[in-house]
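Residue-level structural notes
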Number of protein chains: 2
Amino acid sequence: MLIVQKYGGTSVANAERINHVAERIADSYLAGNQMVVVLSAQGSLTDRLLQKAHEINPQASKRELDMLLTTGEQQSVALMAMALNRLGMPAVSLNAVQIGLEATDHYGNARIKCIRTGRILAELDKGNIVLVAGFQGVNSHGDLTTLGRGASNTTAVAIAAVLNADLCENCTDVDGVYTADPRVVRDAKKLASITYDEILEMSCQVFHNRAAEIAKRYNVKLIIRSSMTEESGTEVVAQKESSNMEDLYVSGVSVDRDVAQISLWGMRGRKAAAFNIFALLAKEDISVDIILQTPGANNITDISFTVSKQDSDTALAVLESNKESLGYEKLTHNLSLAKVSIVGAGMTASPGVAAAMFEALYENDIDIVMISTSEIKVAVLIDESKAEKAMQVVHEKFASFLRV
Amino acid sequence: MLIVQKYGGTSVANAERINHVAERIADSYLAGNQMVVVLSAQGSLTDRLLQKAHEINPQASKRELDMLLTTGEQQSVALMAMALNRLGMPAVSLNAVQIGLEATDHYGNARIKCIRTGRILAELDKGNIVLVAGFQGVNSHGDLTTLGRGASNTTAVAIAAVLNADLCENCTDVDGVYTADPRVVRDAKKLASITYDEILEMSCQVFHNRAAEIAKRYNVKLIIRSSMTEESGTEVVAQKESSNMEDLYVSGVSVDRDVAQISLWGMRGRKAAAFNIFALLAKEDISVDIILQTPGANNITDISFTVSKQDSDTALAVLESNKESLGYEKLTHNLSLAKVSIVGAGMTASPGVAAAMFEALYENDIDIVMISTSEIKVAVLIDESKAEKAMQVVHEKFASFLRV
């Protein structure tokens, strides 16, 4: 089998953990597999480098930050190659330039354009374990870029896709995807499997959305599992098998605290309002999540939407400076909200799911600020202080439907 | 003017020093110069990375060590770009891949093959201060190599050569080249100038021999000066100007403790002896310094030579395992010697110089183990414990001849 593995920063934080991971890789290799292993920077190294940069220039350019940060993953792969060599394993470390991972010019948050597989395949042919620096790419200027935080997952899935790997193992510090955060919900259960779409909708901490998108598009066989234990983890699949097509499946409850709600009140020109706002935000590369527009009368409307907290300052500044052309009366924002979602591929045909969620929140006196639904998700915006409670009561309500 | 500057690890060891160096670079830039600046890794970073590697694998491969170590200089250039940006200066950091510094495949101690100037020139044209990661190159496999310790000097001089720079400033933690180590010889004086050949013969700590060779070959205008003060430093020139052609010039006294003496006794086949030995050592990439062969009788001879201490184990092993074919009786070595040299372009025509040196050593009861002379140098091998004393008495003897 050709296996792509990914280990995060915690898994390679010090010499002891590097040696432990090296043994795991060696085991898979000695079992007859071809191994490509993507690594993150060691433990807190990325944060320490950012701190160094901040000390010198709090407004450091993204290009130079990328030049600085990409050294972290390069160190990890070199050290892992040394650890594998010590075990007698043939291994070679490669950075983004060497594997030819071409990315867009967008420093700090570039997208993968393509991966030239020549070098990786040549090293596999030589019998080498190939260690790839995650999180980084090369842009059209020949400069180093980074793919956004947590993007080592994306690197691993993208490599698995282009190599048509038999398996992509995302080895992390949790042992799989749970029906809810087990630190908050005591009886949360580990899922044996989850669909690509569900993992996308869960916007869960354990797996980067962009990685899930690539996995889905290229149908990468993906497993999320612990780098410490031998437990089986959670398999990510295209579709769940079901013995009964009418079963109601909810895969999990998740909470996202990185939510900033922005509202524009009294906008004139109802029809173009949404377009005008979101064109401005798109120009700043700001993604918008939940959008709510009141029906409005007399060509006047109110629009609310959410963005990530880090984008909220920019979004507010852009909207402020375009007050005239947008034609609104008042701009407000709220940073103390959380988004609680239930996700499940089985809920499409079940209108009762949303109702049951609202009921659980109502019974526990939790106000809903905004609602958003998709084919496989119901998300509500509530007060952040009630997020944990909401997660618990919603999880309890669906306990009988949970398919793990 | 197009100026290439080089700053060593001490000069960029922390945020404060980086900011200080950034101000110096900015001053030169604002004075109307085009600036290319080569940097080493911060302070003890290279040693700390080596320590990390050693913890994981004491016999780490040179390829992986190079992959690890090259991150140090990349961090320095990124941080310096941030510091310059904060001063409002346009700056861009580049690593070996980006400047196209092609080197030989020899990991850990590669030689520069060529530097593609396209990217550097393009950045200079844009008005950027160009920051180049020293010490590193890319080999024919597209892999990173390092150019040997202290090789950031070599990078700087090589870049100055290919760009045909007006000036190459080697900014370091000493303020120039002295007639002797000022920590040992109290009345040592700073040289206003020194020739390329002299600096080569001095094998001094402040400047890498390979850098001096490139500077000489390409006639790079070179200055060695402090990165802390505005003092003028020592200019490295092709030839010293002299008002009187018959003047006796001695530029300095230097000591080199990295000396291992190896002797082969009772070698048969006197004529081929030297060739046989040094062909074997060359195969191992071991440089030999002083060589002494006794005239010998009956086709039997003794040969002594010196190598650097780090090469002595390999050299002894090779000689040991070829005892039969080399045909010697006994192999001995001595690691407690030091080489003391006097260097001066003016001594060519003055046989009295060597005699005066021997006299100083004789008067002070310092035994000479071996002697080696060149056009501009007289070097003696003495007991290491007497190295400082030798330096002092020799410096004193030549005090009247010193041209600073």
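Look a little higher up for the structure.
Everything quoted here is computed from the prediction, not taken from an experiment.

Details of the overall build of chain A
A tally of regular secondary structure across chain A gives 13 helices and 20 strands. For chain A, the C-alpha radius of gyration of 23 Å lies close to 22 Å, the compact-globule estimate for 404 residues. Overall, chain A is about 75 × 55 × 35 Å in size when its C-alpha atoms are taken along their principal axes. Looking at chain A alone, contacts between residues at least 24 apart form 75% of all its contacts between residues at least 6 apart. Looking at chain A, you have 38 positive and 49 negative side-chain charges, and the mean spots of the two groups are 2 Å apart.

What about the packing of aromatic side chains?
Residues and elements named next belong to chain B. Under the definition given, this model contains two aromatic pairs over all chains. Seen in terms of ring centroids, phenylalanine 278 and phenylalanine 305 are 5.2 Å apart; in terms of plane orientation they differ by 75°. Their pairing is edge-to-face. Here phenylalanine 305 lies in strand 16 (residues 300–307) and phenylalanine 278 lies in helix 9 (residues 270–283), a separation of 27 residues in the sequence. No difference in accessibility class separates phenylalanine 278 from phenylalanine 305, as the two residues are buried. For the cation-ring pair, lysine 330 lies above tryptophan 265, with the distance from its terminal atom to the ring centre recorded as 5.9 Å.

Description of the sheet that holds strand 18 (residues 337–343) of chain B
All names here are of chain B. On the basis of which strands lie adjacent, the open sheet formed by four strands has the order 13-18-20-19 and antiparallel pairing. Strands with a single pairing partner mark the edges of an open sheet, and in this sheet they are strand 13 (252–256) and strand 19 (370–374). When strand polarity is set aside, the average angle formed by the axes of neighbouring strands in this sheet is 20°. Both strand 18 and strand 20 (residues 377–383) contribute to a ladder of seven bridges, which runs antiparallel. Note on strand 20: the bridge partner recorded for alanine 338 is isoleucine 382. The sheet strands contacting helix 13 (residues 387–398) are strand 13, strand 18 and strand 20, and the helix crosses strand 13 at an angle near 170°.

Quick look at the pairing of strand 2 (residues 34–39) of chain B
All names here are of chain B. Of all six residues in strand 2, five are buried, a share of seventy percent or more. Judged from the six bridges that link them, strand 1 (residues 2–7) and strand 2 form a sheet pairing that is parallel. Note that in strand 2 the partner of glutamine 5 across the bridge is valine 37. Regarding the hand of the β-α-β motif, the stretch spanning strand 1, helix 1 (residues 15–30) and strand 2 is right-handed.

Things to note about the interface of chain B and chain A
How big an interface is tends to be stated in terms of the accessible area lost upon association of its parts. At the junction of the two partners, chain B supplies 42 residues and chain A supplies 42 residues. Across the chain B to chain A interface the summed buried area is about 3,200 Å²; carbon plus sulfur atoms make up 58%. Arginine 119 of chain A is the salt-bridge partner of aspartate 143 of chain B, the closest N and O atoms lying 2.9 Å from each other. Where chain B touches chain A, the interface holds 24 residue pairs in polar contact (both at pLDDT 80 or more). Secondary structure elements with two or more residues in the side of chain B that touches chain A: helix 1, helix 2 (45–56), helix 3 (62–86), strand 3 (91–94) and helix 4 (96–99) of chain B. Per element, the largest residue contribution to the side of chain B that touches chain A is 17 residues, and it comes from helix 3 of chain B. Here the residues of the side of chain B that touches chain A sort into 21 nonpolar, 14 polar and seven charged.

Points about the packing of helix 3 (residues 62–86) of chain A against helix 2 of chain B
Between two packed helices, what matters for the description is the angle formed by their axes and the separation of those axes. One way to put it is that helix 3 of chain A packs onto helix 2 of chain B with a least axis distance of 9 Å and a crossing angle of 30°. Between helix 3 of chain A and helix 2 of chain B, the crossing angle belongs to the class labelled roughly parallel. Between helix 3 of chain A and helix 2 of chain B lies a crossing whose hand is right-handed. Contacts between helix 3 of chain A and helix 2 of chain B involve Gln75, Leu79, Met82, Ala83 and Arg86 of chain A from the first element and Leu49, Lys52, Ala53 and Ile56 of chain B from the second. Among the residues forming the contact of helix 3 of chain A with helix 2 of chain B, the class breakdown is six nonpolar, one polar and two charged.

A short note on the nonpolar core
Val36 and Ile159 of chain A together with Met80 and Leu84 of chain B are the most contacted members of the largest nonpolar core, which has 85 residues in total. Top element by residues in this core is helix 3 of chain B. It accounts for eight residues. Residues in contact with leucine 84 of chain B, not counting those within four places in the same chain, are Ala22, Ile25, Ala26, Met89, Ala91, Ile129 and Leu131 of chain B. Among the nonpolar cores identified, the runner-up in size contains 43 residues, and Val77, Leu167 and Cys171 of chain A together with Phe135 of chain B belong to it.

Quick notes on the pattern of salt bridges
Applying the stated criterion across every chain yields a total of 37 salt bridges over all chains. A salt bridge links glutamate 64 of chain B to arginine 63 of chain B; its shortest N-O distance comes to 2.9 Å. Glutamate 64 of chain B sits in the buried class, given a relative accessible area of 2%. Lysine 190 of chain B is the salt-bridge partner of aspartate 175 of chain B, the closest N and O atoms lying 4.0 Å from each other. With aspartate 175 of chain B in the loop between strand 9 (167–172) and strand 10 (193–195) and lysine 190 of chain B in the loop between strand 9 and strand 10, this residue pair connects regions lying 15 residues apart in the sequence. On the accessibility criterion, aspartate 175 of chain B (17% relative accessible area) is buried. A residue is classified by how much of its surface remains accessible, and lysine 190 of chain B, at 21% relative accessible area, is partly exposed. What emerges from the salt-bridge pattern is a single network uniting Arg63, Glu64 and Asp143 of chain A together with Arg119, Glu123 and Lys126 of chain B.

Reading guide: rules and limits
One numbering rule holds for all chains: residues counted from 1, following each sequence as written. Each chain takes a letter, starting from A, and each ligand takes a number, starting from 1, following the order in which they are written. pLDDT decides what is reported in this predicted model: residues at 70 or higher carry local features, side-chain atom pairs at 80 or more are listed and counted, and totals for whole chains, interfaces and linings draw on all residues regardless. Water and hydrogen atoms were dropped before computing side-chain values, which therefore reflect all heavy atoms in the structure. Helix numbers and strand numbers start at the N terminus; a helix is a DSSP run of H or I with at least 4 residues, a strand a run of E with at least 2. The globule rule used here is 2.2 Å times the number of residues to the 0.38 power, and the radius of gyration it is set against is calculated over C-alpha atoms. Whether two residues touch is decided by their heavy atoms; if any such pair falls within 4.5 Å, the residues are in contact. Positive: Lys, Arg. Negative: Asp, Glu. His and the chain ends are not part of the count. Where a charge sits is defined by one atom per residue type, namely NZ (Lys), CZ (Arg), CG (Asp) or CD (Glu). Any two of the Phe, Tyr and Trp rings considered here, Trp counted by its six-membered ring, make a pair once their centres fall within 6.5 Å; the pair's planes then place it as stacked at under 30 degrees, edge-to-face at over 60, or tilted in between. Note on exposure labels: buried denotes an accessible area under 20% of the residue type's maximum, exposed denotes more than 50%, and partly exposed covers the range between, all computed with a 1.4 Å probe on protein chains only. Our definition puts a charge over a ring when NZ of Lys or CZ of Arg is within 6 Å of the ring centre and also within 35 degrees of the ring normal. One requirement defines pairing of two strands: DSSP has to find at least two bridges between them. Interaxial angle, 0 to 180 degrees, is taken between N-to-C directions of lines fitted to C-alpha atoms, where a helix line uses only the stretch in contact. If you view a crossover with the strands going away from you and the path from the first strand over the helix to the second runs clockwise, you call it right-handed. By definition, the buried area sums, over both parts, the 1.4 Å-probe accessible area that each loses when the two are put together. A pair is scored as a salt bridge if a Lys or Arg side-chain nitrogen falls within 4 Å of a carboxyl oxygen belonging to Asp or Glu. Two N or O atoms form a polar contact when they lie within 3.5 Å of each other; inside protein one atom must be a possible hydrogen donor and the other a possible acceptor, and for residues adjacent in sequence the pair counts only when both atoms belong to side chains. As a working rule, the residues Ala, Val, Leu, Ile, Met, Phe, Trp, Tyr, Cys and Pro are called nonpolar, Asp, Glu, Lys and Arg charged, and the rest polar, with Gly in that last group. Any angle from 65 to 115 degrees is called roughly perpendicular, while one under 35 is roughly parallel, one over 145 is roughly antiparallel, and all others are oblique. Rotating anticlockwise by less than a right angle from the far helix to the near helix defines a left-handed crossing, while the corresponding clockwise rotation defines a right-handed one. As used in this record, nonpolar core signifies buried Ala, Val, Leu, Ile, Met, Phe, Trp, Tyr and Cys residues forming a set joined through side-chain atoms within 4.5 Å.

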